[in-house]
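Now for the letters of each chain:
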Amino acid sequence: MNYQAHPQDSHQAQNLQMCSTPTQQDYAELTQVNDQSTFKIGSFNVQGLKKGGKLEALCLWGGEKGYDIIALQETNMDNGGKIAASYIKQEYYKMWWVNGKEGSTRGTGVGLLMSNRWAQHAGRISTCGSRGQSRDFNFKGRLKVRVINCYIPSEGKGKGKEISDLTKWIKDEYTNAKSERRQVVLLGDFNAVCNPKL
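Rules used throughout
Within every chain, residues take consecutive numbers counted from 1 along the sequence as written. Local features are withheld for residues below a pLDDT of 70 in this predicted model, meaning they are given only at 70 or higher, and side-chain atom pairs are given and counted only at 80 or more; totals for whole chains, interfaces and linings count all residues. Only heavy atoms go into the side-chain values, all of them from the structure, while hydrogens and water stay out. The term disulfide is used for any two cysteine sulfur atoms that are within 2.5 Å. Elements are defined by DSSP. Helices are runs of H or I of four residues or more, strands are runs of E of two residues or more, and each kind is numbered from the N terminus. Here the expected length of a helix is defined as 1.5 Å per residue gap, with one fewer gap than residues. Exposure categories follow from relative accessible area, calculated using a 1.4 Å probe and restricted to protein chains: below 20% of the type maximum is buried, above 50% is exposed, and the middle band is partly exposed. The arc refers to the directions leading from the helix axis to the C-beta atoms. Pairs of residues are marked as contacts when any of their non-hydrogen atoms sit within 4.5 Å. The nonpolar core is taken to be a set of buried Ala, Val, Leu, Ile, Met, Phe, Trp, Tyr and Cys residues, with the residues joined through side-chain atoms within 4.5 Å. pLDDT is a per-residue confidence score from the predictor, ranging from 0 to 100. Between any two strands, at least two bridges found by DSSP are needed for them to pair. Here the axes come from fitting lines to C-alpha atoms, over the contacting stretch only for helices, and the angles between their N-to-C directions go from 0 to 180 degrees. When a carboxyl oxygen of Asp or Glu is within 4 Å of a side-chain nitrogen of Lys or Arg, the pair counts as a salt bridge.

Engineer: Tell me what's going on with the state of the cysteines, and back it up with residues and numbers.
Structural biologist: Under the counting rule described, the total for this entry stands at zero disulfides. Considering cysteine sulfurs only, cysteine 128 is the nearest to cysteine 150, which forms no disulfide, with 9.5 Å between them.

So this is what it looks like as structure tokens:
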């Protein structure tokens, strides 16, 4: 099985905020014709999902582009928040959320969208605060994959422990996955320069 990772498209992200809410018919008209042996994976800092229609537009866009997995960061949703997208779950994506605490959601929250044709293979899930989630997928032919999605905060006052805890969790998830002979897909918004010399 091949993995195709695609960087987020800032032009698409800007257009996403201007889309009207898609209708049920829009989803019915999607042609979901991806090669069954590949994944198309995207990562997207959505800068909040509270704006009406934004999640629906994102799911329509992802479906049209043929994304099988979309990792979302900075959803800014709390545990009491309701994401009104029940028909989207049935039409194209299954969704898993890790939300911030009520009253302190700014700059937090991650989500993982998985196309319905692959969601049946979902297994173990692990989370780290309101900024990290991993999900295992077990496919035929002994292929095992762990998808790790994270939103690391930018360094600032009081963020050191949070960054340290999240980094340790990511390393532990990776090490554990490798011990189980899993392929690992790590994606998210890292808010860092991996190599300052670049």
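After that view, the rundown keeps rolling.
Engineer: Mind laying out helix H3 (residues 54-65), listing which residues take part and the relevant values?
Structural biologist: Its twelve residues place the ends of H3 16 Å apart at the C-alpha level, agreeing with the 16 Å of an ideal helix rising 1.5 Å per residue. Most of H3 sits inside the fold, with ten of its twelve residues counted as buried. Just downstream of H3 lies glycine 66, where phi reads positive at about 80 degrees.

Engineer: Describe helix H6 (residues 160-179), and please don't skip the residues or the numbers.
Structural biologist: Given a rise of 1.5 Å per residue, 20 residues ought to cover 28 Å, and the 29 Å separating the end C-alpha atoms of H6 matches this to within 8%. Listed in full, the buried residues belonging to H6 are Ile163, Leu166, Trp169, Ile170, Glu173 and Ala177. For H6, the arc enclosing every buried residue in end-on projection is 130 degrees, short of the 170-degree limit, so these residues lie on one face. Summarising the geometry of H6, the exposed residues directed more than 90 degrees from the buried face are Lys161, Lys168, Lys171, Thr175 and Ser179. Contact partners of the buried residues in H6: strand S6 (122-128), strand S7 (132-138), strand S8 (144-151) and strand S9 (183-189).

Engineer: Lay out the side chain of serine 115 in plain terms, naming residues and giving numbers.
Structural biologist: Mapping serine 115 onto the fold places it in strand S5 (residues 110-115). Serine 115 has contacts with Asp68, Tyr92 and Tyr93, leaving out every residue within four places of it along the chain.

Engineer: Go over the nonpolar core with me, naming the residues and quoting the values.
Structural biologist: Counting 16 residues, the largest nonpolar core has Phe39, Ile69, Met114, Phe139 and Val147 as its most contacted members. Excluding residues that lie within four positions of it along the chain, valine 147 makes contacts with Ile69, Leu112, Gln133, Ser134, Arg135, Phe137, Val185 and Leu187. In this structure, Leu49, Leu55, Leu72 and Tyr92 belong to the second largest nonpolar core, which totals 15 residues.

Engineer: Can you tell me about the confidence of the model for the protein, naming the residues and giving the values?
Structural biologist: Chain-level statistics for the protein give a pLDDT mean of 74 and a share of 67% at 70 or above. Scored below 50 in pLDDT, residues 1-35 makes 65 contacts in the model with residues more than four places away or belonging to other chains.

Engineer: Lay out the sheet that holds S7 with the relevant residues and their values.
Structural biologist: Here we have four strands laid out as an open sheet, ordered S6-S7-S8-S9, and mixed in their pairing. One side of each edge strand has no neighbouring strand; the edge strands of this open sheet are S6 and S9. The sheet shows a mean angle of 15 degrees between the axes of neighbouring strands, taken without regard to direction. One ladder, built from five bridges, connects S6 with S7; its direction is antiparallel.

Engineer: Account for the pattern of salt bridges, with residues named and values stated.
Structural biologist: This structure, assessed with the given rule, holds ten salt bridges. The salt bridge partner of arginine 131 is glutamate 162, with a shortest N-O separation of 2.8 Å. Residue arginine 131 is found in the loop between S6 and S7, and its partner glutamate 162 is found in helix H6; the two are separated by 31 residues along the sequence. Overall, arginine 131 belongs to the buried group, its relative accessible area being 5%. Among the ionic pairs, aspartate 172 bridges to lysine 168, the shortest N-O distance being 2.7 Å. Of this pair, aspartate 172 and lysine 168 are both found in helix H6, four residues apart, which corresponds to roughly one turn of the helix.

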